[in-house]
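Survey of secondary and tertiary structure
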Amino acid sequence: MMKVTFWGVRGSIPACEVKYAQFGGHTSCVQVQVDGLNIIFDMGTGAPDLGRQVLSQAQEQQPLHIFLSHYHLDHLSGLPFFGPLYQARSQINFYGMGPVEQRLNGFMGPPYFPVKMQDTASTKNFHKVTPKQPLCLSPKVKVTCHPLAHPGGCMAYRIDLSEEGTSIIYLTDYEHDTKGVSVCEELADFCKDVTLLIYDANYDEQEFATNKGYGHSTWQAGVELALGSNAHQLAFFHHGPQCSDQLIQARENMAKQVFPASFFARQGQSIQLGC
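Residues numbered from 1 in each chain as written. Predicted model: local features only at pLDDT ≥ 70, side-chain atom pairs only at ≥ 80, totals over all residues. Heavy atoms only, no water.

Picture the strands of a sheet paired through backbone hydrogen bonds; they go either parallel or antiparallel. As summarised here, the arrangement of the 7 strands in space is β6-β5-β4-β3-β2-β1-β14, forming an open sheet in which the pairing is mixed. Strands with a single pairing partner mark the edges of an open sheet, and in this sheet they are β6 (123–128) and β14 (270–273). Going from strand to strand, the sheet's axes swing by 20 degrees on average, the running direction of each strand aside. Most of the contacts of helix α1 (residues 47–57) go to strand β2 (residues 29–34), to which it runs at about 35 degrees, and overall it touches β1 (2–8), β2, β3 (37–41) and β4 (64–67). Its contacts with the sheet place helix α2 (residues 100–107) against β5 (91–96) and β6, and it is angled at close to 125 degrees to β6. (Pairing = 2+ DSSP bridges. Helix = DSSP H or I, 4+ residues; strand = E, 2+ residues; numbered from the N terminus. Axes fitted to C-alpha atoms, helices over the stretch in contact; angles between N-to-C directions. Contact = heavy atoms within 4.5 Å.)

Structure representation (structure tokens):
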């Protein structure tokens, strides 16, 4: 069984007005609990709330596995305020593109933040991810990655629980038509038969037409990918900061008409997959 919790679902910048309260304003952070593992995707502004829950649950904290899609600010800005980072009992494994330790050290520390990453009390390990080279976090749990079209690069991640055949894909910050086709065949293969596809729906088709090059997608393209890869469920994510609750609800209603097993993720929402 997998438990998925959305701690932050917004894209680009937090959204703080009342009209964003239903779907939430924190930026990207998603937790997956599976086979005794605590796996986290991205460290947006939703991460501090997750950190407080992690610290409140147990004296002996299980290792954390943090997979970073990329290093843009909306996916990292919660890291300096992530409580487990400052606890000596915390063991944190960071995974990402390129020189992970160097990039995080450059992000967190003076003159931008008073505490250096390397001076925090937790035990930290850093791992570079490579497409087609799976990471086995346990005998039952495998994580693979796939590169995405986004300025500066980005990675999608797939978790497979072999015992149940349950899987989840975290696919954010992706521009879908850079190769002149609506569905990339390689990406569809990566997503094949996934139990839950979490997909970047920053725009709708009309907005996308005037925002090409920013590296984001639409709910309509997400539906096409889900249909083309036989995804079982589809969660839209990375809601544009301009999108009110009313607008997102309208998009969810439209999406359900063409892909009934879809929803627009809400901050604080948890779902269970598998047995």
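After that view, the rundown keeps rolling.
On to unusual backbone geometry. Here the bond from Pro 110 into Pro 111 is cis, since omega is 5 degrees, no more than 30 degrees from zero. Here Pro 111 shows up in the loop between α2 and β6. A positive phi angle, close to 70 degrees, is found at Asp 42, a residue other than glycine. Structurally, Asp 42 can be placed in the loop between β3 and α1. Phi at Asp 173 takes a positive value of approximately 55 degrees, unusual for a residue other than glycine.

Our next topic: the pairing of strand β11 (residues 196–200). Across a regular strand the side chains alternate sides, sitting on one face of the sheet and then on the other. Where burial is concerned, most of β11 is hidden: 5 out of the 5 residues are buried. Side chains Leu 196, Ile 198 and Asp 200 project from β11 onto one buried face, and the interleaved Leu 197 and Tyr 199 project onto a second face that is buried too. In this sheet, β11 lies alongside strand β10 (residues 166–171) in parallel orientation, the contact comprising 4 bridges. When the sheet's bridge partners are listed, Ile 169 is paired in β11 with Leu 197. As paired strands, β11 and strand β12 (residues 233–237) are joined by 5 bridges and run parallel to one another. (Buried < 20%, exposed > 50% of the residue type's maximum accessible area, 1.4 Å probe, protein only.)

Moving on, we get to the pattern of salt bridges. Applying the stated criterion across every chain yields a total of 3 salt bridges. One salt bridge connects Arg 158 with Asp 160, and the closest N-O pair in it is separated by 3.1 Å. Between Arg 266 and Glu 252 there is a salt bridge; the shortest N-O distance is 3.0 Å. With Arg 266 in the loop between β13 (262–264) and β14 and Glu 252 in helix α6 (residues 245–258), the pair connects residues that are 14 residues apart, well separated along the chain. On the accessibility criterion, Glu 252 (5% relative accessible area) is buried. (Salt bridge = Lys/Arg side-chain N within 4 Å of Asp/Glu carboxyl O.)

It is worth spelling out the side chain of Thr 172 at this point. The topology assignment puts Thr 172 in the loop between β10 and α3 (185–190). Assessed through its relative accessible area of 0%, Thr 172 is described here as buried. Of note is the side chain of Thr 172, whose polar atom sits 2.8 Å from the side chain of Asp 173. Contact partners of Thr 172, with chain neighbours within four places excluded, come to Asp 42, Ser 69, His 75, Leu 148, Cys 154, Asp 200, Phe 237 and His 238. (Polar contact = N/O pair within 3.5 Å; in protein donor to acceptor, adjacent residues only side chain to side chain.)

Just geometry here; none of it tells us what the structure is for.
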